[in-house]
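Topology and contacts: notes
If you want the building blocks of each chain, they are given just below.
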Amino acid sequence: FHADLVAAPAIAQALSAAARAYGGLEHPRIARMSEFGVAQGQTFTAVELVSGLDLARLAANAKLGSAGLPPGGSLALVSQVARAVGYAHGRGLSHLGLSPSNVIVTTEGDVKVTDFGVLAATMAAHPVESPRLGARIGYITPEQLVGEATSAATDVYALGVIAYELVTGQRAFYGDTPEAVAQAILAGPPAEPPLPRPIVRVLTRCLARSPFERFPDARAFADALDAALRVAPVPGTRKEIG
């Protein structure tokens, strides 16, 4: 971690607490966090090395081709992520920083989620004003932007944003500046993606402005998404993406 980030005692303590909580998670779809410490003045975490590509790079590579990522495979990956995050929710821990860069897809078409609690431990009171968060604003939830309480439903919103981006090939929220992106997020959900109605209803619920209108946790979201995919299957599998 950047030295200036951990110089503040409150942030250092929050990071330590987040690392302890993350280190207690044991799930096949969560990258295991094995160590949090300080060496030669550098604060670091040591996390399981996963062979694969994170979703950000995977989506960027897909844009270079004409077909993009198959929607069925993309949503199957999101369901896997939701199951992993739902396991953490069942243990009382929320991720609070989900984005395509901390979900890694293996060559088998499986996922590994990393960085549980890290972003929340280091997030400024006003995220839009933090230069280091500029590229992450599009994945920060409305309640985080305005300093409201977070919950498992915060992760559900982020999962919805990731799912929207994977199936459409477009960012859910646009803006020339972080402030403009934040305003787009606070203004309401994006245009509906071109998917069957059962799937659209699930994603729309994830992206509700109020946390109380979303699925209560990631496991409930995964159940609803899997049910929608059974009713209205779309082309592609996660094995194809792998």
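Check the entry above for the structure.
For the structure given in this document, a descriptive report is provided here. Computed from a predicted model, the values in this text were never measured in an experiment.

Notes on the overall build of the chain
Regarding its fold elements, the chain presents 11 helices and 5 strands. Its C-alpha atoms give the chain a radius of gyration of 17 Å, near enough to 18 Å, the size a compact globule of 242 residues would have. Overall, the C-alpha framework of the chain stretches about 50 × 40 × 35 Å when taken along its three principal axes. Burial analysis of the chain (242 residues in total) assigns 49% to the buried set. Partitioning the intrachain contacts of the chain with sequence separation of at least 6 by distance along the chain shows that 66% fall at a separation of at least 24.

Regarding the packing of aromatic side chains
In the structure shown here, the tally under the stated rule is 2 aromatic pairs. Judged by centre distance (5.6 Å) and plane angle (45°), the rings of Y22 and F116 are tilted. Highlighted residues: Y22 in helix α2 (residues 9-23) and F116 in the loop between β5 (111-113) and α5 (118-122), separated in sequence by 94 residues. Considered together, Y22 and F116 belong to a single accessibility category, that of buried residues. For the pair F215 and F221, a centre-to-centre distance of 5.9 Å together with 40° between the ring planes defines the contact as tilted.

A closer look at the pairing of strand β1 (residues 33-39)
Remark: a regular strand shows side chains that alternate across the two faces of the sheet. By the bridge criterion, 6 bridges tie β1 to strand β2 (residues 42-47) in an arrangement that is antiparallel. Bridge pairing in β2 links E35 to A46.

Considerations on the sheet that holds β5
Ordered in space as β3-β4-β5, the 3 strands form an open sheet in which the pairing is antiparallel. Edge positions in the sheet fall to β3 (52-54) and β5, since each has one partner strand and no second. Across the sheet, the mean angle separating the axes of adjacent strands is 25° when strand polarity is ignored. Where strand β4 (residues 103-106) meets β5, 3 bridges bridge the pair, whose relative direction is antiparallel. Within β5, the residue paired with V105 across the bridge is V111.

A look at helix α7 (residues 152-168)
With 17 residues, α7 should reach 24 Å at 1.5 Å per residue; the first-to-last C-alpha distance of 25 Å fits that figure. Summarising burial for α7: 16 of the 17 residues are buried, a large majority. G169 occupies a position one or two residues after α7 and carries a positive phi of about 75°.

What to know about the nonpolar core
Core analysis: the biggest nonpolar cluster contains 52 residues, and L25, L55, L75, F116, I199 and F221 have the highest contact counts within it. When contributions to this core are tallied by element, the ones reaching two or more residues are α2, α3 (55-64), α4 (71-90), β4, β5, α7, α9 (197-206) and α10 (218-231). At 9 residues, α4 tops the list of elements feeding residues into this core. Apart from residues lying up to four places away in sequence, F221 is in contact with V78, A82, V156, L159, V202, L203, C206 and F215. One finds L119, A172, F173 and V181 within the second-largest nonpolar core, a separate group that totals 17 residues.

A word on the packing of α9 against α10
Two quantities define a packed helix pair, namely the angle between the axes and the distance from one axis to the other. Close contact between α9 and α10 brings their axes to 8 Å; oriented N to C, the two are set at 160°. In terms of orientation, α9 and α10 fall into the roughly antiparallel class. By crossing handedness, the relation of α9 to α10 is classed as left-handed. Contacts between α9 and α10 involve P198, I199, V202, L203 and C206 from the former and F221, A224, L225, A228, L229 and V231 from the latter. When the residues that make up the contact of α9 with α10 are grouped by side-chain class, the tally is 11 nonpolar, no polar and no charged.

Comments concerning unusual backbone geometry
Phi at Q40 takes a positive value of approximately 50°, unusual for a residue other than glycine. Summarising the element assignment, Q40 is placed in the loop between β1 and β2. Not every positive phi belongs to a glycine, and D115 is a case in point at roughly 70°. For D115, the location among the structural elements is in the loop between β5 and α5. Its relative accessible area of 32% is what places D115 among the partly exposed residues.

Analysis parameters
- Numbering of residues begins from 1 in every chain and follows the order in which that chain's sequence is written.
- Reporting in this predicted model follows two pLDDT cut-offs: at least 70 for local features of residues, and 80 or more for side-chain atom pairs to be given and counted; totals over whole chains, interfaces and linings ignore these cut-offs and use all residues.
- Values reported for side chains reflect all heavy atoms of the structure, with hydrogen atoms and water molecules removed beforehand.
- Labels follow the DSSP assignment, with helices taken as runs of H or I lasting at least four residues and strands as runs of E lasting at least two, numbered in each case from the N terminus.
- C-alpha atoms define the radius of gyration in this analysis, and the globule rule sets the expected value at 2.2 Å times the number of residues to the power 0.38.
- The buried label goes to any residue with under 20% of its type's maximum accessible area, the exposed label to any with over 50%, and the partly exposed label to all in between, with areas taken from a 1.4 Å probe on protein chains only.
- In this description, contact between two residues means that some pair of their heavy atoms is separated by no more than 4.5 Å.
- Between the rings of Phe, Tyr and Trp (Trp by its six-membered ring), a pair exists once the centres lie within 6.5 Å; its type follows the angle of the planes, with under 30 degrees stacked, over 60 edge-to-face, and the other angles tilted.
- Note on pairing: DSSP must find at least two bridges between two strands before they are called paired.
- Each axis is a line fitted through C-alpha atoms, and for a helix only the stretch in contact is used; angles between axes span 0 to 180 degrees, taken between their N-to-C directions.
- In this analysis, the expected span of each helix is defined as 1.5 Å times one less than the number of residues it contains.
- Grouping buried Ala, Val, Leu, Ile, Met, Phe, Trp, Tyr and Cys residues that are joined through side-chain atoms within 4.5 Å yields what is termed a nonpolar core.
- Between 65 and 115 degrees an angle is taken as roughly perpendicular, under 35 as roughly parallel, over 145 as roughly antiparallel, and anywhere else as oblique.
- We call a crossing left-handed when the near helix sits turned anticlockwise from the far one by less than a right angle, and right-handed when that turn is clockwise.
- In the scheme used here, Gly and all other residues not listed as nonpolar or charged are polar, with Ala, Val, Leu, Ile, Met, Phe, Trp, Tyr, Cys and Pro taken as nonpolar and Asp, Glu, Lys and Arg as charged.

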